[in-house]
Each structure stands twice: as structure tokens, then as C-alpha cells.
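# Descriptive structure summary
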Amino acid sequence: MSLRDTRALRDWVLATSPSDDIWQRVHLWIVSLDHSPWRYPSYPLEDRSERPNYEVRRAVLDDAQVVVEYKRIYNGEVVDLWSVQESGG
């Protein structure tokens, strides 16, 4: 598995200037997608997925109040971040 496109993470940091603690939690969780793109608390969005080609997943990182969406492409086993944004919760 390869974490390929992380521009959404950079864009989120530039737009929100998160605290170091929040940045570290979000960054570490996203980096872990390189080895386990199905990890908790992510879940597939079936209506936006096209199996067996890819799945779109969402994770709400409550401790950081951030929502991450990404596409897991099965052929080539890559992950592309789609969005990182505050959850508002």
C-alpha cells in the first residue's frame, strides 16, 4: 500500500493552522494509512465507491475534531487523500 496524494493534508494545515498536538494526531493517523487503509475509525462510503476498483472511506477523528476522506485504489494499492477538514463537533 502506498500513500500517494497528501495535498489535502497540506491544504488543511495552511487553512487552519492546527495546534502541534492536533497536527501530530492527524498526521500520524494519515501516515498509518500507508500500512492499513481500513483502520478504525474509518468506514467505507458505499455510495461513492466503485468496487472492485476503489473505495472511498471517511474517518472522523473525534479527539482532533477532524474528518478525513480518502480513496483507496485496489489496483496498485494506493491511497489518495481527498479532504481533511474540521468536523465542527
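For the structure itself, look to the data block above.
Throughout what follows, the structure given in this document is the object of discussion.

Thresholds, definitions, all that
- Residues numbered from 1 in each chain as written.
- Predicted model: local features only at pLDDT ≥ 70, side-chain atom pairs only at ≥ 80, totals over all residues.
- Heavy atoms only, no water.
- Axes fitted to C-alpha atoms, helices over the stretch in contact; angles between N-to-C directions.
- Helix = DSSP H or I, 4+ residues; strand = E, 2+ residues; numbered from the N terminus.
- Parallel < 35°, antiparallel > 145°, perpendicular 65-115°, else oblique.
- Contact = heavy atoms within 4.5 Å.
- Buried < 20%, exposed > 50% of the residue type's maximum accessible area, 1.4 Å probe, protein only.
- Pairing = 2+ DSSP bridges.

Before going further, it helps to spend a moment on the packing of helix α1 (residues 7-16) against helix α2 (residues 20-32). At a closest axis distance of 12 Å, the pairing of α1 and α2 adopts a crossing angle of 175°. One element, α1, and the other, α2, form an angle in the roughly antiparallel class. Facing Leu 9, Trp 12 and Val 13 of α1, the residues of α2 in contact are Ile 22, Trp 23, Val 26, His 27 and Ile 30.

On to the pairing of strand β3 (residues 54-61). Within β3, six of the eight residues are buried, which leaves the element mostly enclosed by the surrounding structure. Sheet topology places strand β2 (residues 42-44) next to β3; three bridges connect them, and they run antiparallel. Bridging across to β3, Ser 42 finds its partner in Ala 59. A loop of four residues connects β3 with strand β4 (residues 66-73), the two strands running antiparallel in sequence, and Gln 65 in this loop sits at a positive phi of about 55°.

Within the open sheet, the five strands sit side by side as β1-β5-β4-β3-β2. Their pairing is mixed. Each having just a single partner strand, β1 (2-5) and β2 make up the two edges of the open sheet. Across this sheet, the average inter-strand angle for adjacent strands is 30°, counted without regard to direction. Bridge count between β4 and strand β5 (residues 78-86): eight bridges; the pairing is antiparallel. Counterpart to Arg 72 in the pairing with β5 is Val 79. Together, β1, β4 and β5 form the strand contacts of α1, whose direction differs from that of β5 by roughly 15°. Packing of α2 onto the sheet brings it into contact with β1, β2, β3, β4 and β5, and relative to β4 it is tilted by some 15°.

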